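Fold and geometry: a report
These are the residues of each chain, in order.
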Amino acid sequence: MAAELVEAKNMVMSFRVSDLQMLLGFVGRSKSGLKHELVTRALQLVQFDCSPEVFKKIKELYETRYAKKSSEPGQPQQHRPPETLSIHSSYDRGSTVARTSLSTPNIDYPALYGKYLNGLGRLPPKVVKPEVRLVKLPFYTTLDELLKPTELVPQNNEKLQESPCIFALTSRQVELIRNSRELQAGVKSVQVVLRICYTDTSSPQEDQYPPNIAVKVNHSYCSVPGYYPSNKPGVEPKRPCRPINLTHLMYLSAATNRITVTWGNYGKSYSVGLYLVRQMTSAELLQRLKTIGIKHPELCKALVKEKLRLDPDSEIATTGVRVSLICPLVKMRLSVPCRAETCAHLQCFDAVFYLQMNEKKPTWMCPVCDKPAPYDQLIIDGLLSKILTECEDADEIEYLVDGSWCPIKAEKERSCSPQCPILVLGSSDVNGLLPTPNGNGENGKVTADVVDLTLDSSSSEEEEEEDDEDDDDDDGPQPKRRCSYEKGLVSAC
């Protein structure tokens, strides 16, 4: 096996750019870059994933090239491959990104690279190309980057493509996974996740799965989130694109892990990346928000004054603004009033329920204004938190122009409450109405009669029937009364 590795490295070092691109494309690696980058990438492939298929492809490319070269007139029949280069992967203590270094004794690197870079005697300046970046996910803290986002390259014209990838964990990473706590049965908080996105370098990309995706880790297929059911006709079901946890199918040792991504090639380009992450819970994010995200009450008060400041160009003066103490998400009283720093409103929602909902289905949209409210822009309103502790008998408050506030009582408290359906009348001689328990009152004074609005509706129906009979006895048609109250009474409605 060692002899085959040495032979494969020698053949790879003699490849031209086109040969290197064909080899890297064969295994689904990126084919872009300068020649020394392609050489490094190909040597990594030989060192860590020299399968029989890869070795056969290397030998095929080598024989094809030199068979053509030896058949040309004036060319020597034999080719002496360059000296052997050994590849080493070293890891920094604080990072696990593999760093590749080419090392061999008594090699003149400028001369060596000059031989393979169009005769140049020095390394050309490295062109820094923009890389694909993925958006940060609040519920995942990145510990290490195992594989930078790499483009999925189709190998042929078939619609269904396969792209392999190999990597090995360090002992430190294995210990982090084994010693992490369990979020649920069989799910560790420290995980190795696969993230897939569009190949777009203009801005950080959100996770996006290609069609017909399937992920195989070593010898088993990994489950991928399914589609959300859609109840609307004509609307395609959506798929939650989240990081795919591979930890339970990996070798938690120094052994090499092989991942194969199957995907549909329908014109769009996708990139994949591997990360070691720590998954957070909504309770942990809430605690972090309480630690670093509370806005001082005086700053919130200054914001209220700014909102209510008189605009000289406006003909309408705003003297106050109402804010509900009920969460718009769950219709319950606020416990941790929260909103995004970018929101223009003063109304808050409950951070506890907002984080729990985004933990289940991440949307990060403000429930008040329906605009983006990502986690890193959330703040806890210190002024409203203080008001919630001082105002326990109201569900709404009003901010005034000077930054002060006053409670707003509910409408039902200011109107006739259904719990006390008693109407006091000025006359005591009312037929069909119940008198008060103490009809005479104190000092011989006559107390007012009351109307019990809780009487059964059957009594009023009987009165209406009697009125109808009286109307039938009259000579001519009479206009029907809308209610059975006697003259001088006022309806409680």
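Residues numbered from 1 in each chain as written. Predicted model: local features only at pLDDT ≥ 70, side-chain atom pairs only at ≥ 80, totals over all residues. Heavy atoms only, no water.

Our working definition: UniProt positions are given in the numbering used here, feature names are shortened, and annotations may be inferred rather than shown by experiment.
Going by an unreviewed UniProt entry, the protein chain carries the name RING-type E3 ubiquitin transferase and comes from Mauremys mutica. The Subcellular location (unreviewed entry) comment attached to the protein chain in UniProt states, word for word, "Nucleus". Of the comments in the UniProt record for the protein chain, the one headed Sequence similarities (unreviewed entry) reads "Belongs to the PIAS family."

Overview of the overall build of the protein chain
To be explicit about the condition: A run of H or I in DSSP counts as a helix once it spans at least four residues, and a run of E counts as a strand once it spans at least two, with each numbered from the N terminus. Here's how the labels work: a residue is buried when its accessible area is under 20% of the maximum for its type, exposed when over 50%, partly exposed in between, all with a 1.4 Å probe on protein chains only. Contacts are assigned to residue pairs with any non-hydrogen atoms lying within 4.5 Å of each other. To be clear on the numbers: accessible area is Shrake-Rupley with a 1.4 Å probe, and residue cover counts the displayed protein chains and nothing else.
Scanning the protein chain from terminus to terminus reveals twelve helices and 21 strands. Across the 493 residues in the protein chain, those meeting the buried criterion constitute 35%. A fraction of 66% describes how many contacts in the protein chain between residues 6 or more apart in sequence connect residues 24 or more apart. As presented, the protein chain carries roughly 30,500 Å² of accessible surface, and 51% of it is formed by carbon and sulfur atoms.

Overview of the packing of aromatic side chains
Basically, it comes down to this: Side-chain rings of Phe, Tyr and Trp, where Trp is taken by its six-membered ring, are said to pair if the distance between their centres is within 6.5 Å; with planes under 30 degrees apart they count as stacked, over 60 as edge-to-face, and otherwise as tilted.
On inspection of all chains with the given rule, the structure shows five aromatic pairs. Ring plane angle 35° and centroid distance 5.9 Å describe the contact between F139 and W364, whose orientation is recorded as tilted. Here the residue F139 occupies a position in the loop between α5 (109-116) and β3 (140-151), and W364 occupies one in the loop between α9 (351-360) and β17 (378-381), the gap between them amounting to 225 residues. Exposure class is identical for F139 and W364. Each is buried. When the centroid spacing of 6.3 Å and the interplanar angle of 65° are considered together, the rings of W364 and Y375 count as edge-to-face. Of this pair, W364 sits in the loop between α9 and β17 while Y375 is found in the loop between α9 and β17, placing the two residues eleven residues apart along the sequence. What makes Y375 buried here is its relative accessible area of 11%. Members of the aromatic cluster, each reached through a chain of ring pairs, are F139, F349, Y354, W364 and Y375.

Structural notes on the nonpolar core
As a reminder of what qualifies: Only buried residues count toward a nonpolar core. Its members are Ala, Val, Leu, Ile, Met, Phe, Trp, Tyr and Cys residues joined through side-chain atoms within 4.5 Å.
Within the largest apolar cluster, 43 residues are counted, with the highest numbers of intra-cluster contacts made by L378, L384, I397 and Y399. Among the elements that line this core, the one with the most residues is helix α10 (residues 382-390), at four residues. Here Y399 is in contact with V304, L308, T319, G320, V321, V323, L346, L383, L384, I387, S404 and W405, once residues within four sequence places are set aside. C165, I177, V190 and I213 belong to the second-largest nonpolar core, a separate cluster that totals 26 residues.

Remarks on the sheet that holds strand β18 (residues 396-400)
To keep it simple, the criterion reads: Note: two strands are recorded as paired if DSSP finds a minimum of 2 bridges between them. To get an axis, fit a line to the C-alpha atoms, keeping to the stretch in contact for a helix; angles then go from 0 to 180 degrees between the N-to-C directions.
Spatially, the three strands line up as an open sheet ordered β14-β18-β19, and their pairing is antiparallel. Every interior strand has two partners, whereas the edge strands, β14 (320-324) and β19 (405-408), have only one. Looking at each pair of strands side by side, their axes are set apart by 30° on average, direction ignored. Across four bridges, β18 lies against β19 in antiparallel orientation. Bridged to I397 within β19 is P407. Sheet contacts for α10: β14, β18 and β19; angle to β18, the most-contacted strand, approximately 130°.

Quick notes on the side chain of Q205
Convention followed: Polar contacts, as counted here, are pairs of nitrogen or oxygen atoms within 3.5 Å of one another; within protein the pair requires one atom able to donate a hydrogen and one able to accept it, and residues that are adjacent in sequence qualify only if both atoms are side-chain atoms.
Summarising the element assignment, Q205 is placed in the loop between β7 (190-198) and β8 (214-217). By relative accessible area, which is 9% here, Q205 ends up buried. Side-chain polar atoms of Q205 contact the backbone oxygen of S203, separated by 2.8 Å. Discounting chain neighbours no more than four positions away, the residues touching Q205 are R133, L134, V135, C197, Y198 and D200.

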